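Okay, here's what each chain looks like letter by letter:
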Amino acid sequence: MDPEDIRQPRSAEAGETDEALAPAPSRTSQDRPLSPTNRNSADSPRQLGSGTRRRSSVTSRRSGRFSALSRSASLAERTQGKFTVAGPDDTPQVRLSHEPFVQPGYADLNPEYDQATSAKPVWSLAKPLPRVVRPGMVPTREELLSKFDVPGENSQRLGLDVDTSDLEKGRIKKSANPRKIAAQVADARRQREANLVKKLLSGDVASTRRSSLSIRSSTRPKRATSSGLLVDQLPPVEEGEPLTEDQDQDEEVLEDGPDERSPLLGDQTDSILDEKNVPEDLHPLVAELVEDEVHNHHTTWSVIRTHHREALAESLAVYVQLTIGFCADLAVTFANAGNPNTTAWAWGLATMTAIYISGGISGAHLNPVVTIVLWFYRGFPTRKLPDYFGAQFIGAFFAAITAYGIYYGPIQHYLSTTPDGIVGSFITGPQSPWITPWTAFFNEFAGAGILIIALLALGDDQNAPPGAGMNSLIVGLIITCLSVTFAYETGGALNPSRDFGPRLALVLLGHGRELFTKSWYWLYGPWAGAIGGGCVGGFLYDFMIFTGGESPVNYPLERTQRALKKTQMKWKRRLHLG
């Protein structure tokens, strides 16, 4: 029989089968990103060659896939032109594979699960850090109203031919003259702010937080809970405390001139720039971007947990991290035969575990130095600092108590032969007599500085952030590396709470006040050295790499001074200093 007589009916069957097996419109091959496994699978079987013998359409599809796999795909094809040292971007299929099953009705009973994960900024070590507008970035009312002048005025005054569209995008021409660069920078900033005013006037950006909240509350679908209350009636958690009328008076005192209203803006200027009833840590220009949080609140404790959830998560993460670390140190001490790098790996994996525990809730700072750096360089809210510091020190204190209780028997047996031999498993300090105070100080200073540089690099979405879920593992490996590097001289605390909490616990357990009075290392090492090194590390990263406006390094000097002045007046009022 002629092969053509066989091929024709089989082709008809294949065509009918192809229609039956054709993907739904929502899952077309055009919607899927190209890859070596599906690049040719979308082609019709007839396009594989007229002389190809196919037993079924399924076989033809398989042969298409095999031929695609057998063909050597280039690097650009495999990565879709997005190859970096950190790896290609994630695909929709991979993201969907990590989505959990959600039974119908679950979101109605637990409305918190149904809201967006980016409803508020989270300064987390488990993902890129948020981008927030800080006071140093925001112009004053007078600065905004003075933008309707000649574009590129400063540059033209120096004889530079500039394009206003390039200035708006920040394209500054290179020059050996710093004055020419400064003129272009000033014009670029003024051009962007002028366009911001135009957007505000055209309605592209909501003028006030109050109006945006009312719009969201009226348009949000209302679902009834088991108690009969609507979800909208559940109390939201605001990102900050609203300013009172007497607090808003600082803005009037700080104005450089009389309150002049522009004929173009009119009364709308006050509504745009008025900071009344707006969280103090956010500016009204971006306040509407912070969605209201809705919480389940099934029990009384759930309400308490809602208002202290970040501090509780931070304390739990520190507790788990340090309990694992202290127990690992004790185990190696009692075994007296372990590799000295064993504890370094234990501390790294413990840090990874802690970030997975609270990275999405509190950010898992685990370290007051990290919190201070994120507050100064990334806009972490000031009002949260006491809660985080308290949580970190309390978690460290109870971690030492727990580890001491777990190893109580071996500790007592070890102390019978080696008095105070277990102190080094809980606290840090010069490991040898020849380690001078200056050596110990700079050991903590350098270690904390390198740690902060690495953390800011991982959190910079414009650098090379790791894939989803990889930050925790990488931070753990960084801690392992730093422990191997800086633990020989002092133990490598790099963290005030990691040393102070267990030191206080050992005093209460009867190991004497000499832990605080015999040496002042606990003050100049984990406190002065680590905090100073962390701040310098943050400055170095922002000065050399980071381009975001939320860093004070990238503020205009006059706006930095104005922001500091506002902060000083705010704290004077709070402390009743006049």
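Residues numbered from 1 in each chain as written. Predicted model: local features only at pLDDT ≥ 70, side-chain atom pairs only at ≥ 80, totals over all residues. Heavy atoms only, no water.

K.L.:
I keep staring at the overall build of the protein and nothing clicks. Help me out?
P.N.:
When its secondary structure is counted, the protein shows 24 helices and zero strands. Among the 578 residues that make up the protein, the fraction classed as buried is 41%. Approximately 31700 Å² of the protein is accessible, and the part contributed by carbon and sulfur atoms is 59%. (Helix = DSSP H or I, 4+ residues; strand = E, 2+ residues; numbered from the N terminus. Buried < 20%, exposed > 50% of the residue type's maximum accessible area, 1.4 Å probe, protein only. Areas by Shrake-Rupley, 256 points an atom, 1.4 Å probe, with all protein chains shown as cover.)

K.L.:
Help me understand the packing of aromatic side chains in this model?
P.N.:
The description of an aromatic ring pair rests on the distance of the ring centres and on the angle between the ring planes. Applying the stated criterion to the full structure yields 26 aromatic pairs. Arranged with centres 6.2 Å apart and planes meeting at 45°, the rings of phenylalanine 500 and tryptophan 522 form a pair that is tilted. Of the two residues, phenylalanine 500 sits in helix H21 (residues 496–511) while tryptophan 522 sits in helix H23 (residues 521–544), which places them 22 residues apart along the sequence. Put simply, the rings of Phe393, Phe500, Phe516, Trp520, Trp522 and Trp527 pair up and form one aromatic cluster. (Phe/Tyr/Trp six-rings, centres within 6.5 Å; stacked < 30°, edge-to-face > 60°.)

K.L.:
Would you explain a nonpolar patch on the surface in this entry?
P.N.:
A contiguous nonpolar surface patch, about 650 Å² in accessible area, is contributed by Ile453, Val536, Phe539, Leu540, Phe543, Met544 and Ile545. Tallying contributions element by element places H23 first for the nonpolar patch, with five residues. A residue is classified by how much of its surface remains accessible, and methionine 544, at 65% relative accessible area, is exposed. (Patch = residues over 30% accessible without salt bridge, like charges linked within 9 Å, V, L, I, M, F, W, Y side chains within 5 Å. Salt bridge = Lys/Arg side-chain N within 4 Å of Asp/Glu carboxyl O.)

K.L.:
Explain the UniProt feature "transmembrane region" (unreviewed entry) in the protein here, please?
P.N.:
In this numbering, the UniProt entry assigns the feature "transmembrane region" (unreviewed entry) to residues 355–377, 389–407, 438–458, 470–488 and 521–541. Secondary structure over residues 438–458 splits into 100% helix and 0% strand, and the C-alpha atoms at its two ends are 30 Å apart. Structurally, residues 470–488 comprises 95% helix and 0% strand, and the distance from its first C-alpha atom to its last is 28 Å. (UniProt positions renumbered as here; feature names shortened; annotations may be inferred.)

K.L.:
How do you make sense of the environment of alanine 487 when you look at a structure like this?
P.N.:
Note on placement: alanine 487 falls in helix H20 (residues 471–490). Once residues within four sequence positions are removed from consideration, alanine 487 is found in contact with Gln431, Leu482 and Gly492. (Contact = heavy atoms within 4.5 Å.)

K.L.:
Explanation requested: the side chain of glutamate 444 in the structure shown.
P.N.:
Assignment of secondary structure puts glutamate 444 in helix H19 (residues 437–458). Buried glutamate 444, no salt bridge; nearest opposite-charge side chain is arginine 498, N-O distance 8.1 Å. Side chain to side chain, glutamate 444 and threonine 490 meet in a polar contact 2.7 Å long. Not counting the four nearest positions on each side in its chain, glutamate 444 is found in contact with Thr490, Gly492, Ala493, Leu494, Tyr521, Gly525, Pro526, Gly529 and Ala530. (Lys, Arg positive; Asp, Glu negative; His and termini not counted. Polar contact = N/O pair within 3.5 Å; in protein donor to acceptor, adjacent residues only side chain to side chain.)

K.L.:
Help me understand helix H17 (residues 385–406) in this model?
P.N.:
Side chains three or four residues apart in an α-helix point the same way, a direct result of the helix having 3.6 residues per turn. Over its 22 residues, H17 extends 32 Å from the first C-alpha to the last, a length consistent with the 32 Å expected when each residue adds 1.5 Å. Three or more residues of H17 are buried, namely Leu385, Tyr388, Ala391, Gln392, Phe393, Gly395, Ala396, Phe397, Ala399, Ala400, Ala403 and Tyr404. Taken together, the buried residues of H17 touch helix H14 (309–335), helix H16 (368–378), helix H18 (408–415), H21 and H23. (Expected span 1.5 Å × (residues − 1).)

K.L.:
Help me understand the nonpolar core, please; the structure alone is not making it clear to me.
P.N.:
Taken as a class, soluble globular proteins show a tendency for nonpolar side chains to be buried jointly. In this structure, Phe326 and Phe426 are the most contacted members of the largest nonpolar core, which totals 58 residues. When residues of this core are assigned to their parent elements, the largest contribution, eight residues, is made by H17. The residues contacting phenylalanine 326, other than those within four sequence positions of it, are Trp347, Ala396, Ala399, Ala400, Ala403, Ser425, Phe426, Arg498 and Pro502. (Core = buried A, V, L, I, M, F, W, Y, C linked by side-chain atoms within 4.5 Å.)

K.L.:
Can you walk me through the environment of isoleucine 478 in this structure?
P.N.:
Along the chain, isoleucine 478 turns up in helix H20. Expressed as a C-alpha distance, the spacing of isoleucine 478 and threonine 351, which sit 127 residues apart in the sequence, is 9.6 Å. The contact partners of isoleucine 478, leaving out residues within four places of it in the chain, are Leu451, Ala454 and Leu458.

K.L.:
Looking at this structure, how should I read the environment of alanine 440?
P.N.:
Checked against the element boundaries, alanine 440 lands in helix H19. Owing to a relative accessible area of 0%, alanine 440 belongs among the buried residues under this scheme. Spatially, the C-alpha atom of alanine 440 lies 9.6 Å from that of glycine 491, the residues being 51 residues apart in sequence. Beyond its immediate chain neighbours, meaning those up to four positions away, alanine 440 contacts Pro430, Ile435, Thr490, Tyr521 and Tyr524.

K.L.:
Would you mind showing me how to read the packing of H16 against H17 here?
P.N.:
Two measures define how a pair of helices packs: the angle their axes make with one another and the distance between the axes. Interaxial distance between H16 and H17 falls to 10 Å at its minimum, and their mutual angle equals 165°. As judged from the angle between their axes, H16 and H17 are roughly antiparallel. Crossing handedness for the pair H16 and H17: right-handed. Where H16 approaches H17, its residues Pro368, Thr371, Ile372 and Trp375 are matched on the opposing element by Leu385, Tyr388, Phe389, Gln392 and Phe393. (Axes fitted to C-alpha atoms, helices over the stretch in contact; angles between N-to-C directions. Parallel < 35°, antiparallel > 145°, perpendicular 65-115°, else oblique. Left-handed = near helix turned anticlockwise from the far one by under 90°.)

K.L.:
What is the right way to read helix H15 (residues 342–358) from this model?
P.N.:
Relative to the 24 Å expected for 17 residues at 1.5 Å per residue, H15 spans 25 Å between its end C-alpha atoms, a close match to the ideal helical length. Buried within H15 we find Thr343, Ala344, Ala346, Trp347, Gly348, Ala350, Thr351, Met352, Ala354, Ile355 and Ser358.

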